[in-house]
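# Fold and contact review
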Amino acid sequence: MERYDLVYRLYDEYDTDRLREYQAFVDVFPAIDSRVALEHWQSANEELERRKDEIRGDFAAGETFAEVAARADRDQAFTALDLEAKYGRAVNVLVLDVDETLRSAGGTDNEIPRDTLHVLTEFHEAGVPIVICTGQTLENVKGFAIQGLGSEIVHSGNLSIVYEAGTGVFTPGHGADTKQLLYEELDAEIRDVFDDVRARVLPEAPEELRRGCHLQGNEFNVTMKPNYETGSAKARETIDTALVYLIDLLADAVGTALEASRDDGAIELEGETVTDWTRAFYADQDPEIRAVLESEGGYPDLEADAVPEPLTDILDRIDVAYYEADAAEIGSLELNKVVGVERALDVLGVDDPFSLVMGDSKSDLRVMRWADEHDAGIAAAPEHASQDTLEHVLETDELVFDRGKSVDVLRTVYAMNRLARLD
């Protein structure tokens, strides 16, 4: 309890709120070519150091407690203590989703806040690798990563990008391992299905859907995005329609693959169509998909466990993902964020990971469960995350943060790592 007593003393006897205000100002003060502004920054920095020196002089581990007080509020500090006591080790890699996690369309104007970027920079300077783990394309992620974190960090050899939800991994500065196209390792049958869907998805779409959607510029996954503001009623309507269309197009492509794989070219499906069985299969996989199929009048009254085995053998390898009012997507279940993260950690040389996994969706939940099952980290999610993701986070360490405030968890883990050094 001695450490808890010291933290109580720290927040009871010192004006830590004011200390954090000075630290935040010094950290994120914009670069302005003004003598007056520079003098103001220097004055704030001097006051910050004076206040830290008071703490440094009053505690045996003064530097640690000064840095904790300057960056974490009282609740964050005690949460950090609890986490350190529970796990007995520091986080040694960050695994971070981007959209609706680090940034939020509704909370941060779809920009990663400057205070979040600064804390990430501090983790980098402390030698903690960063794995950006997203469903976005590589080019999109590289662009905002360089803009937000700087080219030096992105190309430092200590940052990796898992893109398109695990179909590829990009880790600059690692020679032949810099870019790994994991989808090229899939067998030809699955690649042919994706090629078929990708070639037809827009040309064969109904005119209204073509006007309302665009195809994300992926290397492998097929992702339909709305031409309307994410989260809007029109985006929701469009993506619901796109989901049903994408499932049916996938069914047709899989049916073609099954015919090609049989000598006689015939498929016995007990009187039902490939489309009906495919809809039933994915409705059983995800209640959100079932709800959309029902609302669109496309739900077949079929038992999913009766789906013919030849069809199940292929569908078991293909993921259909629905992100309400945001995207409808097909991807490979053999290539998910877990596979991408494991490959990224291997390239980065993180042999014994203890990660902070932050995300909001079902694809992030897979990584969270992987970390939990392998004693490889802790999980955090925004309050608006998918229900299953929230349930997992609440059942583990309850690291739920407000929309657009991922920095709160990052500060908690920063404090946790600082306190872990005292052992």
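Worth saying up front: this structure is predicted, and the values here are computed from it rather than measured.

Secondary structure summary: the chain contains 18 helices and twelve strands in total. For the chain, the C-alpha radius of gyration of 24 Å lies close to 22 Å, the compact-globule estimate for 423 residues. When the backbone C-alpha atoms are referred to their principal axes, the chain occupies close to 85 × 45 × 45 Å. Within the chain, buried positions represent 53% of all 423 residues. Sequence-distant contacts, at least 24 apart, represent 69% of the contacts inside the chain between residues at least 6 apart. As displayed, the chain offers around 18,900 Å² of accessible surface, 43% of which is attributable to carbon and sulfur atoms. If the 39 positive side-chain charges of the chain are averaged to one point and the 91 negative ones to another, these points end up 6 Å apart.

With respect to burial, helix 4 (residues 62-71) is a largely interior element, nine of its ten residues being buried. Three or more residues of helix 4 are buried, namely Gly62, Thr64, Phe65, Ala66, Glu67, Val68, Ala69, Ala70 and Arg71. In this fold, the buried residues of helix 4 make contact with helix 1 (2-13), helix 2 (16-28), helix 3 (35-58), helix 5 (74-87), helix 6 (114-125) and helix 18 (406-420).

The next thing to look at is the domain arrangement of the chain. Where interface size is quoted, it is often the accessible area lost as the parts come together. The assigned domain composition of the chain is domain 1 (3-70), domain 2 (86-184 + 335-420) and domain 3 (187-332). Spacing between the C-alpha centres of domain 1 and domain 2 amounts to 27 Å. The partner domain 2 presents eight residues to the ten residues of domain 1 that form the contact. Summing both partners gives a buried area of about 810 Å² for domain 1 against domain 2, and 60% of it is carried by carbon and sulfur. Scanning the region where domain 1 abuts domain 2 turns up zero salt bridges.

Now for the pattern of salt bridges. Scanning all chains against the criterion turns up 41 salt bridges. We note a salt bridge from Arg51 to Glu47, for which the minimum N-O separation is 2.9 Å. Of the two residues, Arg51 and Glu47 both sit in helix 3, four residues apart, roughly one turn of that helix. Assigned by exposure class, Arg51 and Glu47 land together as buried. For the salt bridge of Arg56 with Glu67, the shortest nitrogen-to-oxygen distance reads 4.0 Å. Of the two residues, Arg56 sits in helix 3 while Glu67 sits in helix 4, which places them eleven residues apart along the sequence. Judged by its relative accessible area of 6%, Glu67 is buried. Ionic contacts of the salt-bridge type, sharing partners, join the residues Glu49, Lys52, Asp53, Arg56, Glu63, Glu67, Arg71 and Glu122 into one network.

Counting 72 residues, the largest nonpolar core has Leu250, Val254, Tyr282 and Ile318 as the members making the most contacts within it. No other element matches the 14 residues that helix 11 (residues 233-261) contributes to this core. When residues of this core are assigned to domains, at least three map to each of domain 2 (86-184 + 335-420) and domain 3 (187-332). Those residues within four positions of Leu250 in sequence are excluded, and the remaining contacts are Val193, Val197, Tyr282, Ile318, Val320 and Ile330. Judged by nonpolar contacts, the second largest core, of 61 residues, contains Ala70, Val141, Leu356 and Val413.

Attention now goes to the sheet that holds strand 11 (residues 377-382). As summarised here, the arrangement of the eight strands in space is 5-4-3-2-1-10-11-12, forming an open sheet in which the pairing is mixed. At either margin of the open sheet sits one strand with a lone partner, and together these are strand 5 (179-181) and strand 12 (399-401). Strand-to-strand twist in this sheet, taken as the mean axis angle between neighbours without regard to direction, amounts to 15°. Relative to strand 11, strand 10 (residues 355-358) runs parallel, the two being bridged by four bridges. Bridging from a neighbouring strand, Leu356 pairs with Ile378 of strand 11. Contacting strand 2 (130-133), strand 3 (159-163), strand 4 (168-170) and strand 5, helix 7 (residues 138-149) crosses the sheet at an angle of about 150° to strand 3.

Moving on, we come to the sheet that holds strand 8 (residues 318-323). Taking strand neighbours across the sheet as the criterion, the four strands line up as 6-7-9-8 in an open arrangement whose pairing is antiparallel. Across the chains shown, the open sheet's two edge strands, defined by having one partner strand only, are strand 6 (213-215) and strand 8. This sheet shows a mean twist of 20° between the axes of neighbouring strands, independent of strand direction. For strand 7 (residues 222-226) and strand 9 (residues 327-332), the ladder comprises three bridges, and the chain directions are antiparallel. Along strand 9, the bridge assignment pairs Met224 with Ala328. Across the sheet, helix 9 (residues 188-200) lies against strand 7, strand 8 and strand 9, angled at about 155° from strand 9, the strand it touches most.

Reading the values: rules and limits
Residues numbered from 1 in each chain as written. Predicted model: local features only at pLDDT ≥ 70, side-chain atom pairs only at ≥ 80, totals over all residues. Heavy atoms only, no water. Helix = DSSP H or I, 4+ residues; strand = E, 2+ residues; numbered from the N terminus. Rg over C-alpha atoms; globule rule 2.2 N^0.38 Å. Buried < 20%, exposed > 50% of the residue type's maximum accessible area, 1.4 Å probe, protein only. Contact = heavy atoms within 4.5 Å. Areas by Shrake-Rupley, 256 points an atom, 1.4 Å probe, with all protein chains shown as cover. Lys, Arg positive; Asp, Glu negative; His and termini not counted. Charge placed at Lys NZ, Arg CZ, Asp CG, Glu CD. Domains from an automatic or database assignment. Buried area = accessible area lost by both parts, 1.4 Å probe. Salt bridge = Lys/Arg side-chain N within 4 Å of Asp/Glu carboxyl O. Core = buried A, V, L, I, M, F, W, Y, C linked by side-chain atoms within 4.5 Å. Pairing = 2+ DSSP bridges. Axes fitted to C-alpha atoms, helices over the stretch in contact; angles between N-to-C directions.

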